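Secondary and tertiary structure notes
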Amino acid sequence: MLGYILRKTLMVVPILIGIATITFLLNFVFVPGDPVRISMGQHADPETIEMIRAEMGLDDPLIVQYGRFIGGLFKGDFGKSFTTRQPVLDMVLERFPATAKLALAATIISIVLGVSAGIVSAVKSNSFLDYFFMTFSMLGISMPVYWLGLVLIVVFSLNLDLLPAGGYGSGSLRYLILPAFALGFRQAAKVARMTRSSMLEVIDKDYVKTARAKGLSEQIVVIKHALKNALIPVITVIGTQLGYLLGGAVLTESVFSWPGLGRLAVNAVLKRDFPLIQGTVIFLAACFVLVNLLVDLSYGLLDPRIRYD
Amino acid sequence: MKAQVEEEQEIKQISEEAHSPWHEAWKRLKKNKLAMIGLGITTVLLIVAIFAPIIAPYNPRYAPVIEDGKVELSLQGPSWAHPFGTDKLGRDIFSRVVYGARISLMVGLITQGIALVLGITLGAIAGYYGGLIDEAVSYLIQVFLAFPFILFAIAIMAVFSEPGVDKVFLALGLISWPPLARIVRGQVMSIKEEEYIEAAQSLGASDFRIIVKHVIPNSLAPIIVTVTLGVAGAILAEAGLSFLGLGTQPPRPSWGVMLKTGQEYIRSYPYMIWFPGLAIMIAVMGINLLGDGLRDALDPKMKD
Amino acid sequence: MSSTLLEVKDLQTYFFTDRGTVKAVDGVSFDVEKGETLGIVGESGSGKSVTAASIMQLVPSPPGDIVGGEINFKDENLLDLKMKRIRKIRGNEISMIFQEPMTSLNPVYTIGEQISEVLRLHQGLNKDEALEKSIDMLEKVGIPSPEERVHEHPHQLSGGMRQRVMIAMALACNPELLIADEPTTALDVTIQAQILELMDELRDEFNTSIILITHNLGVIAEVADKVAVMYGGRIVEQTDTVTLYKDPEHPYTAGLIKSIPKIEGSEGKLKPIKGTVPDPLNFPNGCKFANRCNYAEEKCWAEEPDLEEVKPDHYVRCWRWKELDLKNESEVK
């Protein structure tokens, strides 16, 4: 078991290095001209530019820069922002809790809504409720998260005046509701569809028939016997969809002025602050990879057939 | 009587076998109501995009300037003359939504075109030559899929000194190939094992011809499905990038650009966000429905 | 005589599909006495499994529905009972085991959890008591080292072992009736024999009545006291096991007897009944077996025969039973 976890974890390392490498290549090979000059603008003081270039070692051969970059990442050194001169990692870590909170809230919403809608749809398949939920989830999958965010703002903030239209509100729950719902809705739609199809597959299984033949009530048959089996593929979807969720977080944060990594990244792009772009992208991609690792490892808890060897 | 029944069944079977798998797939697709809705929406989208100049009543980029540079029609709510209203510059939002279909479809098709070329090439090379080459390509696929999609696109857009729709094609195309490469790679590997390839090889057919003749037709079904769903994904991604200001730039009437403008006026003129958003949702949903339907029709066993 | 435990009267279970109504069970009647084993035999599509599911009211609805008849269990008509009462009977007074031991147990729960569940539900045992009783039951069905097995998951057991677990689970609450739907079909021949023997032993020990559903008359011969042969949703012949083998009156029964592998290894000489069961919507208008019967005449195609009592407690649904001598059917033609 421990060996299995270790092996799975080690397999993630080359992926993380790959992510860092591609991000590095993107910014330092494909950017035409001098990134510092681009970042500082045309009228920057040539001496300052030269100083930053020297400080960042941009005059070294590419391979040396690459080695230093990767080596730095392992030591937690993501470089320094062009614009604020602060260490990138500090900036990223400062913004990370807001994004984590948003993503977590959205995931919880998506699981609660998605799994319950999926169960109802499967148990009452081809009923009005089934069509209703499935229409909603089809819309949810096709709807841009930021547009849903705008619609929610119009309805709940501007028209009904129930919830704030944006901002962090120093962490108050009221400020979290709309962005979390906007972000979680698409995920909920995906989860609902997966839960439905997975439940429909499971509900005809012999062991569900056995459970009914035991005299168990329909609720226990569905929740205890069917759902636990049906959840296995749903967990996978939650993991793989996290990429969309993190991407969606970038957009959602932008709509709701949410002070997270997404806005940090977008501002970095607009200001052409390359080390900061690299840092946020690598950090978020690493989160994605690591959560999927956790999802992978969690299968064993749900499915005893998985062997750790 | 018995014999007759049996004979009839046999005839029925034979005639069913005589149809091509594509014909069968089309028959299955036609029975799928949701897929037909998707096909309908996609067709409408195509027509709107192609005939945008005929359909749109006004110029999507510039409104007529009344004297002194003043825009008379600025920020008008929906009316008979302007069913979706006008924006700050007095442009007809309906016309802009119509032209927006062009941009969205172009993004979808061009990015998937780039992805197809990259995906088929890399997948075929990996599957055919195997060994180290295969490992390298497979590693690349894994790494690419480890990036959250939009974030990857943002990172690439950052590289360009000026954002714009042409760069969006490139950025999204560059990151959309891995699923296609996977399909082609798997198909090449399985076909490589089969005898008729060996026969073709001994006859001296070139590797390229083998791939073109045997692999592409065999993996066409999953490729079509992936590309269709990819078009929808690309439309969403372009709109997202443009919404952030990192994609298509004004005055081009991209749906994402329109939402970005709409957001600025959301407190006083919320009507501006409805129609571009609905357009994205309906277009993406139509193409998704078609893609799902194609998947069910082309290969009932294929799952996402 | 012994008392009647279950009386099925004119049971009709239909499936309402897009293509039409399938009369999966169409007027089936039989009795099961206390401690007795009734075999129901027929090919797939004969309605035998739907009959079993109807008794337990496990027919998937829609599309299935029990449209008529009575199922009298002790002194209640099960079809009149509320679902709540049915659930008290299921797994407690009437249990069922299924064909596929590989898939009939829930893969995510241990053997012990699955047996305990039924004990805690119906007998109100607490967790420890239920586990103890589960181990007892596993021992009774011949599972070695039950204290360890009870904590294992289904995938760690062989098919035969899993069917033993199913039997343990079914008998845990000491039911009066056990319905076994093709319990041995998915198992190896040697395991089959062991399972049948086990069921026979347990019947004697617990005085449980059994309805054994199978397509294999050979299985019936080993354990059943009496047999109902089903075809096309109807009983075509019904009598005690000895008479059925010695003196079959329906050509279908005779065909089934001939298709029993007599000696092991002689399977090559099997004579399966010609043709296959027709599509359920396309049975002949008259006798449902007419299109596969060697003896079908004009009348057989035109009109369906009734179930006639040919001798005391021997019923046959055939126009020509009087004329035909099926004892050595192979020589007749």
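What counts and what doesn't
Residues take numbers from 1 onward in each chain, read along the sequence in its written order. Chain A is the first chain written and ligand 1 is the first ligand written, with later ones labelled in order. Totals for whole chains, interfaces and linings use every residue, but because this is a predicted model, local features are given only for residues with pLDDT of at least 70 and side-chain atom pairs only at 80 or more, for both listing and counting. UniProt positions are given in the numbering used here, feature names are shortened, and annotations may be inferred rather than shown by experiment. Two residues qualify as a contact pair if the distance between their C-beta atoms, derived from the backbone, is within 7 Å. Helix and strand definitions follow DSSP, with helices as H or I runs of at least four residues and strands as E runs of at least two, each counted in order from the N terminus. By the convention adopted, Pro, Cys, Tyr, Trp, Phe, Met, Ile, Leu, Val and Ala count as nonpolar, Lys, Arg, Asp and Glu as charged, and the other residues, Gly among them, as polar. Three exposure classes are used, all based on how many other C-beta atoms lie within 10 Å of a residue's own C-beta (placed from the backbone): buried at 20 or more, exposed at 12 or fewer, and partly exposed between those limits. Any two strands with at least two DSSP-identified bridges between them are counted as paired. Fitted lines through C-alpha atoms give the axes, limited to the stretch in contact for helices. The angle between two N-to-C directions lies from 0 to 180 degrees.

In the Subcellular location (unreviewed entry) part of its UniProt record, chain C is described as follows: "Cell membrane". Per UniProt, the comment on chain C under Sequence similarities (unreviewed entry) is "Belongs to the ABC transporter superfamily."

Per UniProt, chain B carries the Subcellular location (unreviewed entry) text "Cell membrane". The Sequence similarities (unreviewed entry) comment attached to chain B in UniProt states, word for word, "Belongs to the binding-protein-dependent transport system permease family."

Attention now goes to the interface of chain C and chain A. Much of the literature gives interface size as the accessible area that the parts lose upon coming together. Between chain C and chain A, the contact holds 23 residues from the first and 19 residues from the second. Elements with a contribution of two residues or more to the side of chain C that touches chain A: helix 2 (83–89), strand 6 (94–97), helix 3 (101–104) and helix 4 (111–123) of chain C. In terms of residue class, the side of chain C that touches chain A is made up of nine nonpolar, nine polar and five charged.

With 41 residues of chain A at the interface, the matching set in chain B holds 35 residues. Here the side of chain A that touches chain B is built from residues that sort into 33 nonpolar, seven polar and one charged.

Right, let's get into the UniProt feature "transmembrane region" (unreviewed entry) in chain B. All names here are of chain B. Those residues carrying the UniProt feature "transmembrane region" (unreviewed entry) are residues 34–56, 103–129, 136–160, 223–248 and 269–290 in this numbering. The span residues 136–160 carries 80% helix and 0% strand; its end-to-end C-alpha distance comes to 27 Å. Annotated as 91% helix and 0% strand, the span residues 269–290 places its first and last C-alpha atoms 34 Å apart.

For the rest of this paragraph, the subject is the environment of A:Gly184. Residues and elements named next belong to chain A. If you trace the backbone, Gly-184 turns up in helix 8 (residues 173–203). By C-beta crowding, Gly-184 is classed as buried, having 30 other C-beta atoms within 10 Å. Here Gly-184 is in contact with Ala-106, Thr-107, Ile-109 and Ser-110, once residues within four sequence places are set aside.

Residue and element names in this part refer to chain C. Strand order in the open sheet formed by eight strands is 6-7-8-3-9-10-12-11, and the pairing between neighbours is mixed. The open sheet terminates on both sides in strands that have one partner only, identified here as strand 6 and strand 11 (308–311). Within this sheet the neighbouring strands show an average axis-to-axis angle of 20 degrees, counted without direction.

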